[in-house]
Amino acid sequence: MKRFVASALAALMLLTVFASAAMADDNNTTSAASTVEIRGPVYNGSSLTDILANTAYGNGTAITMDANKFAAFYYDIDDNVTTESLSIKNVAGTSGRTIGEHGLVYTTTIGKAEYENKDVDWGNYSVIGFFADKYIPLKSNAADKLAKLVVDSDDKQTLKTGDTLDLGDGYSLQAKQVDVDGDKVWLEFDKDGQYVDDQIVSTDSGDHTWTCEVDDVQGEDDVPVLKVHVNQVFQGAVDSVAQIDAIWLIDYANAIKIDSDDEFGKLNDVSINGPTITISNDDTFSLTRDSDQEIGQGLYFKVADSDALRFYAYKQQTTSGTYDVRGTVVSGTQPYTWTPDNFAGFFYDLKKNVGTETLNVSGVDGRTIPENGLKYSTTISKVDYDADDAFNGTYPVLGFFAQKYVPLKSNDASKLAKLVVDSDDKQTLKTGDTLDLGDGYSLQAKQVDVDGDKVWLELDKDGQYVDDQIVSTDSGDHTWTCEVDDVQGEDNVPVLKVHVNQVFQGAVDSIAQIDGLWLIDYANAIKIDSDDEFGKLNDVSINGPTITISNDDTFSLTKDSDQEIGQGMYFKVADSSELRYYPYVQQTLGNETTTTTSSNITSIDNTTSIDNTSVTPTPVENSTEETQDVNASTPTETPVTSTPDTSAAANNTTETKNNTPGFEIVPAIFGLLSVFYIVRKNR
C-alpha cells in the first residue's frame, strides 16, 4: 500500500510539473495604459530669466499661453472664442528653475458661443474654459458657479413613441407619446432613470423648442439646463415619430461652486471678479529637472531631463474617447509653417529637443491652396531610449503624419515600423506570466533557473511563437536584442530589446524583473514609394533620411469642413466668412461605445459637439481627476495608407515552437528523487 501511495505521488508530481509548463500561456496578462497628451509650446533656455527675456516667447517680462498656443485650452473655431490663459511672469523670486510667488497666473473669462445648430433661433450662450474643460456659467456674468456642457448637437435624431435617447452622463430623453393630429410630441427628461421634467412640444406654432429649467442648482433657481428643438412630428399608420434636430444640455446635477479659499494644486490664490477667475501661486514653484509638475486641476508642466531648462504645459487624457490634437490657428491667407513647437500632434522628444516634422502652407488665394502650396516634410533623427540606463546609445526615429516610427535603416526613410513600446517601467513577471506589449505582441517568462540568475523569455505575435532567449543577470549586459529577417526585405532588423534587472528564485514564486522594453511593429512595417499618395499630399520625394510630400492638385479650404491633408491629418475650417483653420490629428483611447434603450436609436456622441478635451490625469500623486469632451467631427474621407508587409509576421509566426524541456526538468528530477527517498524509507 505504501509503495502504491509513493508511486501515485510520483506520478502526480510529474503531472504537476509538465502541466505547469503547458499552462504557461493561460495566465494573467499585464499591460500599460496608453494616454493622449495635449501640450503647449516648448520653452527652452538656460534659466527662467533667460526664457522670460526672450521676445520670441513673450513680451520680454512674461510668457503667456492662450488657446491659440495651447491646444488643450477651450477654443471655438467658428466664433473664434477663447477664454483661458496661463502666464509665467518675471516677479520677485523668479530665477533659475524657480517661479516666484504669484508668478504663475491662470486666468479665464466668460465668453459667448453660438449653439451648434445655427438654423435654430436660440441666439448664443455663455461659456467658460476652466482648466481646459468647457463649462457653462449658471449666471451669464458670474464665473463662480459652473456646470460642464454635456451636449451641444445639431445631429438629427428620430424617436418613435417609447424610445429613449441617451444624452450622456446619466441624462436621457424619452418620447412618451405623439398626438393623433401629428403635430405635438410629449417628451420626458430623466436623470439616472429618475423623472426630472416633461413637456408637450408643438410643431404647428411657437419656436418648436422646449427649454427645461431647474431650481436649486448651487442655490440658483430657473436655471436653463436642457434645450430641445423638435423639427417635425409624424403620426403614421404603423409608427409615431418625432424628429429632433438640436439638443443642448449641461450637467446641472454636478455643478460646482468656486470660492476664494479654494485651492487648485499649486494654484491656490483665487480671485473671482464677476465674469473672470484669476488664480496664482502663493508659494514658489520649482521646475525640477526630469519631472511632471502639477500646475492645478489636471494641468502639468513637463520638464526635460537636461542641463538646459526646457519645458511645456500639457493636459493628459487617460479616459476613453476620441481627441483632437491641434496646431496653431491661422486666420487669413498668409503663409504659415507648423512645427512640433506649435502643432501638438507632431512627434516631439523633450529630452533631446528633437522634432522631425513640418507642415507649410503658402500662396493661399481666397480659400484655395495652389499646387505645391502645401508641403509636408520629415527627417530621421536620433533619440535616447526611455530606459537609457539599461540600453546604451540612441535609436533612429521619424515622425510620419504625427505617428512615431522607427526606420529599419538609420539613414533611409523609405522603410518604417511604428514604435510600440519604449519604456523604463519596472515589470515583475512570475514564471508563466505573459506581458501584453500592445498591437498583438507579448512577452512570456517561461522559466527561472534554480540558481536565480537566468530567465527564459519568449516573444510572441498574436499568440504565435517568434523567438526566445535565456537572459543572464550574472554576466553581460542583461539584455536580449531580438532580430528578425525579411522585414520589408531587410534582414537582421532589431525589433525588440528587453533588459532584465534581476531574477529571483523564491520558495514560492520564481520571478524576473524587467526595467527596459523597446519594441517596433515589424509585422506591419511599411515601404514608402515615390508613386504613393497620402490624401491630398500625393507628390512624394524620398532623399535618404528625408521624406517630402506636396499636393500636385489645388486644395480647397471649404467653409465649415474637415479637409484631409493626408494619412489621418486634417484641416478644420471654421464656419465663418473669414478664413480660419488649423491642422489636427485624432487620437482614440479605449473602445468608444454608445447605448440606448431602443435598437433603432443612435446615442448622441458627445465627442462631436464640444471643442476641447477631457482629462483624468494620473502622472503625479494627488492629482485631480476630471472628464471633458472634445469637438471632433469625424472626417468622411478614408486616409490612404501604405500596404503593410505581412511577410515578416508570416515567416516568424509559422516557426515550430521550441518545446524542448529546459528549466522545468530540474524540478521534475528533484520530485523523483524525493519520491525515491520516501519509498526507501518505508521499506
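These numbers come from a predicted model, not from an experiment.

Description of the overall build of the protein chain
Across its full length, the protein chain holds 4 helices and 55 strands. Residues classed as buried in the protein chain amount to 53% of the 683 residues present. Restricting to contacts in the protein chain with at least 6 residues of sequence separation, those with at least 24 account for 56%. Accessible surface, the protein chain: about 29500 Å² in total, of which carbon and sulfur atoms supply 43%.

So, the pairing of strand β16 (residues 171-178)
Counting buried residues in β16 gives 6 out of 8 residues, a clear majority hidden from the surface. In this sheet, β16 lies alongside strand β15 (residues 164-168) in antiparallel orientation, the contact comprising 4 bridges. Looking at β16, one finds that Gly168 is bridged to Tyr171. Hairpin connection of β15 to β16: 2 residues between the antiparallel strands, including Asp169 at a positive phi of 55°. Where β16 hands over to strand β17 (residues 184-191), the hairpin turn is made up of 5 residues, of which Gly182 adopts a positive phi near 75°.

Points about the sheet that holds strand β4 (residues 62-66)
With respect to topology, 5 strands assemble into an open sheet ordered β4-β7-β9-β24-β23, the strand pairing being antiparallel. Of all the strands in the sheet, the pair left with one neighbour each is β4 and β23 (269-273). Across the sheet, the mean angle separating the axes of adjacent strands is 15° when strand polarity is ignored.

Description of a negative patch on the surface
Taken together, the side chains of Glu371, Asp531, Glu533, Asp539, Asp552 and Asp553 define an acidic patch exposed on the protein surface. As for its position among the elements, Glu533 is in the loop between β49 (526-527) and β50 (539-543).

Section: the nonpolar core
Ranked by size, the top nonpolar core spans 87 residues in total, and within it Phe130, Phe301, Phe311, Phe400, Met569, Phe571 and Tyr581 carry the most contacts. The biggest single contributor to this core is strand β55 (residues 580-589), with 5 residues. In terms of nonpolar packing, the next biggest core, distinct from the first, is built from 45 residues, Leu437, Leu443, Leu457 and Ala525 among them.

Digging into the packing of aromatic side chains
Enumeration over the complete set of coordinates arrives at 42 aromatic pairs. Considering the side-chain rings of Phe130 and Tyr135, the 6.0 Å spacing of their centres and the 80° angle between planes classify their relative orientation as edge-to-face. Pair check on accessibility: Phe130 and Tyr135 agree, each one buried. Chaining the aromatic ring pairs together yields one cluster made of Phe70, Phe73, Tyr106, Phe130, Phe131, Tyr135 and Phe264. Over the ring of Trp186 we find Lys176; its NZ or CZ atom is 5.5 Å from the centre of that ring. Its guanidinium or amino end placed over the ring of Phe555, Lys536 lies 4.5 Å from that ring's centre, counting from NZ or CZ.

Focus on the sheet that holds β50
Within the open sheet, the 5 strands sit side by side as β31-β34-β36-β51-β50. Their pairing is antiparallel. Every interior strand has two partners, whereas the edge strands, β31 (336-338) and β50, have only one. Geometrically, the sheet is characterised by an average inter-axis angle of 15° between neighbouring strands, direction not taken into account. Summarising the sheet, strand β36 (residues 374-379) and strand β51 (residues 546-550) pair through 5 bridges and their orientation is antiparallel. Within β51, the residue paired with Tyr376 across the bridge is Ile549.

What counts as what
- Residues numbered from 1 in each chain as written.
- Predicted model: local features only at pLDDT ≥ 70, side-chain atom pairs only at ≥ 80, totals over all residues.
- Heavy atoms only, no water.
- Helix = DSSP H or I, 4+ residues; strand = E, 2+ residues; numbered from the N terminus.
- Buried < 20%, exposed > 50% of the residue type's maximum accessible area, 1.4 Å probe, protein only.
- Contact = heavy atoms within 4.5 Å.
- Areas by Shrake-Rupley, 256 points an atom, 1.4 Å probe, with all protein chains shown as cover.
- Pairing = 2+ DSSP bridges.
- Axes fitted to C-alpha atoms, helices over the stretch in contact; angles between N-to-C directions.
- Patch = residues over 30% accessible without salt bridge, like charges linked within 9 Å, V, L, I, M, F, W, Y side chains within 5 Å.
- Salt bridge = Lys/Arg side-chain N within 4 Å of Asp/Glu carboxyl O.
- Lys, Arg positive; Asp, Glu negative; His and termini not counted.
- Charge placed at Lys NZ, Arg CZ, Asp CG, Glu CD.
- Core = buried A, V, L, I, M, F, W, Y, C linked by side-chain atoms within 4.5 Å.
- Phe/Tyr/Trp six-rings, centres within 6.5 Å; stacked < 30°, edge-to-face > 60°.
- Lys NZ or Arg CZ within 6 Å of the ring centre and 35° of its normal.

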